[in-house]
Amino acid sequence: MTSINVRVDGMSYSDDVEPRTLLVHYLRETLGKVGTVVGCDTSNCGACTVHLDGESVKSCTVFAVQADGCEVTTIEGVSSSDGTDGALHPVQKAFHEMHGLQCGFCTPGMIMASIDLLKENPSPSETEIREGIEGNLCRCTGYQNIVRAVQQAAGEMSGSPAGADTLGAQA
Amino acid sequence: MIPAPFAYARPTTVDEALQAIAEGGEDVKILAGGQSLIPVMRLRLAAPETVVDLSKVSELRGVREDGDSLVIGAMTTHADVVRDPLIQQYAPLIAEATETVADRQVRHRGTFGGALAHADPAGDLPAVALALDAEFVIAGQNGRRTVPAADFFVDYLTTALEEGELLVEIRVPKLTGQWGMRYEKFNRVAQAWSIVAVAAAVRREDGHIAEARIGLTNMGPTPLRARATEAALAGAAATPEAIAEAARSAAEGTSPSSDLNAQADYREHLVQVLTRRAVSAAAGL
């Protein structure tokens, strides 16, 4: 066992973990952060995306021991990190309003990847959004509304919200 | 899919890492960003006795200048390589190719040295390192040695790294003069490996091509140089016709494989097309 100290969604944790424990399993099984899901388990689908020291990573392809000394943000931590307790993060809100999901399994990863993209590129073009979230797969193939949700969130976060009508959400 | 158990070492310096590797037993794996190693361990295609994690060896991260060379620490992540101002200035080909590697999440974790030491023939960075005549600085118990890129890539997933050794940094000569560069990659879908890709650096002089360096991705078990095309381009006019003619020999000396993505003869065709495009763009046409 190896001891690790991590901050997850603003809380500090010290745990002894087996070195082979993947970060996603540590989050789900040790900390109960089941908002982060395991999709493909082969680094392809991105459903398990979290932020490690502010950068998006696939938590099924990181050992928990590698997160020692790091700050982890999961889908469960994005709303309060926005400063207004309980309020949805603008990207969560946009996915809700634009119906950026069908079965919803890819959604936590899609939202974490989108937040990471918008941090680096606050007003991405449609192509930049599609390329920016290429590490995330939606097996319902619901990409149109996912892209529209990211566009709406980008608008809202930069202070010029685009309405659902102009973006043409399809519910 | 959980990896088999392993002993774990978390050194903080290169010397400690070498020590941990030496003491790790028969089967030691070095963990850089883990974006190739962890999937392989999860599938239990690899079940090392010991994993030496370089996460905390900070001296292996970052890009610096040393005279006529850029020195890239082996643990510098792809994301850091892409946004590094020195790389943008002196070796934009590396940034251009690195931006096409996998996806954002993988680029946040994967490292420059890890990708080169893994030496996947479909990986993008080996051909770039070969085209730029990079040198590999390798640390071992008896000190450091430097291996040119042409000798570093030995075979499929095999490099000149010996047991007990560690790749610490990659030295890339700064290109001076009027160099243009381009990485042309062909694949079918997002985050896919290259079916074929071509890295080209071209120096122009008075309307002519003075020198061209061309690295090929996935045209054999190791990255290759398109030597025949390079020879045909040296001193050639910088015209579409001359470049197209020279690119016809791009597959000479290659031995591409056939797999579910492409047959060998298709790769031989593709490499000519991509070489023409890459050299044309690098020559400013």
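Just above, that's the structure.
Rules used throughout
- Residues numbered from 1 in each chain as written.
- Chains lettered and ligands numbered in written order.
- Predicted model: local features only at pLDDT ≥ 70, side-chain atom pairs only at ≥ 80, totals over all residues.
- Heavy atoms only, no water.
- Contact = heavy atoms within 4.5 Å.
- Buried area = accessible area lost by both parts, 1.4 Å probe.
- Salt bridge = Lys/Arg side-chain N within 4 Å of Asp/Glu carboxyl O.
- Polar contact = N/O pair within 3.5 Å; in protein donor to acceptor, adjacent residues only side chain to side chain.
- Nonpolar A, V, L, I, M, F, W, Y, C, P; charged D, E, K, R; others polar.
- Pairing = 2+ DSSP bridges.
- Helix = DSSP H or I, 4+ residues; strand = E, 2+ residues; numbered from the N terminus.
- Axes fitted to C-alpha atoms, helices over the stretch in contact; angles between N-to-C directions.
- Buried < 20%, exposed > 50% of the residue type's maximum accessible area, 1.4 Å probe, protein only.

(A) Molecular detail of the interface of chain B and chain A. Residue-level contacts link 31 residues of chain B with 35 residues of chain A. Together chain B and chain A conceal approximately 2,700 Å² of surface at their shared face, both sides included; 49% is due to carbon and sulfur atoms. For the interface between chain B and chain A, the tally reads 6 salt bridges. In this structure, K58 of chain A and D103 of chain B form a salt bridge, with 2.7 Å as the shortest nitrogen-oxygen distance. In this structure, the connection of chain B to chain A is made through 17 residue pairs in polar contact (both at pLDDT 80 or more). Of the residues assigned to the side of chain B that touches chain A, the class counts are 14 nonpolar, 7 polar and 10 charged.

(B) How the structure looks around the sheet that holds strand β1 (residues 7-9) of chain B. Residues and elements named next belong to chain B. Read across the open sheet, the 3 strands follow the order β1-β3-β2; overall the sheet is parallel. Only two strands of the sheet have a single partner each, and these edge strands are β1 and β2 (28-31). Going across the sheet, the axis of each strand differs from the next one's by a mean of 20°, ignoring polarity. Pairing analysis gives 3 bridges linking β1 to strand β3 (residues 50-53), with the strands arranged parallel. Paired with Y8 across the bridge in β3 is V51. Relative to the sheet, helix α1 (residues 14-22) contacts β1, β2 and β3, its axis offset from that of β3 by approximately 175°.

(C) Representation of unusual backbone geometry in the model. Residue and element names in this part refer to chain B. The phi dihedral of D133 falls on the positive side, at around 55°, and the residue is not glycine. For D133, the location among the structural elements is in the loop between α8 (125-131) and β6 (135-140). Its relative accessible area of 35% is what places D133 among the partly exposed residues. A positive phi angle is found at D206, which is not glycine, with a value near 50°. As for its position among the elements, D206 is in the loop between β12 (196-205) and β13 (208-217).

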